[in-house]
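# Coordinates in review
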Amino acid sequence: MKVQVEGAKCKAYGLCVEHAPAAFELDDWGYATAANDGAVAPLDEEHVEKAIADCPVQAIRKVDAH
């Protein structure tokens, strides 16, 4: 799985980092970015799915891993 955070939509709630700290990071201003170039380890996929579902502004999306 690979994910992307749409920076223009992110409002810095930080729920993604709470749910999946290995997959997301906060920048200097508190906005989320995808860690590891968006690559999600298989063990973190369930947590990332929760982060996607719980993002209040739907700023996280899955992208084609190819």
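Residues numbered from 1 in each chain as written. Predicted model: local features only at pLDDT ≥ 70, side-chain atom pairs only at ≥ 80, totals over all residues. Heavy atoms only, no water.

### Some words on the pairing of strand E1 (residues 2–5)
As a reminder of what qualifies: Residue exposure (1.4 Å probe, protein chains only): buried if accessible area is under 20% of the type maximum, exposed if over 50%, otherwise partly exposed. A helix here means a DSSP run of H or I that spans at least four residues, while a strand means a run of E at least two residues long, and both kinds are numbered starting from the N terminus. When DSSP finds at least two bridges between two strands, those strands are taken to pair.
Covered by surrounding structure in E1 are Val-3 and Val-5 only, the residues Lys-2 and Gln-4 on the alternate face being uncovered. As paired strands, E1 and strand E4 (residues 60–63) are joined by four bridges and run antiparallel to one another. If you follow Gln-4 over to E4, its bridge partner there is Arg-61.

### Focus on unusual backbone geometry
One non-glycine residue with positive phi stands out, namely Asn-36, at about 55°. On the basis of relative accessible area, Asn-36 is assigned to the exposed category, the value being 54%. The phi dihedral of Gln-58 is positive, around 50°, even though this residue is not glycine. Position of Gln-58 relative to the elements: it lies in the loop between helix H2 (45–54) and E4. The class of Gln-58 is exposed, set by a relative accessible area of 59%.

### Structural notes on the environment of Pro-56
The residue Pro-56 is located in the loop between H2 and E4 in this model. Linking Pro-56 and Pro-42, residues 14 residues apart in sequence, is a C-alpha distance of 24 Å.

### A closer look at the pattern of salt bridges
For the record, the criterion: Salt bridge, as used here: a side-chain nitrogen of Lys or Arg that lies within 4 Å of a carboxyl oxygen of Asp or Glu.
By the definition in use, this model includes three salt bridges. Note that Lys-62 and Glu-49 form a salt bridge whose closest N and O atoms lie 2.6 Å from each other. Of this pair, Lys-62 sits in strand E4 while Glu-49 sits in helix H2, and the two are 13 residues apart along the sequence.

### A closer look at the environment of Ala-34
Mapped onto the fold, Ala-34 is located in strand E3 (residues 32–34). Taking the C-alpha atoms as reference points, Ala-34 and Val-5, 29 residues apart in sequence, are found 6.1 Å from one another.

Remember that the coordinates give geometry; whether it matters functionally is a separate question.
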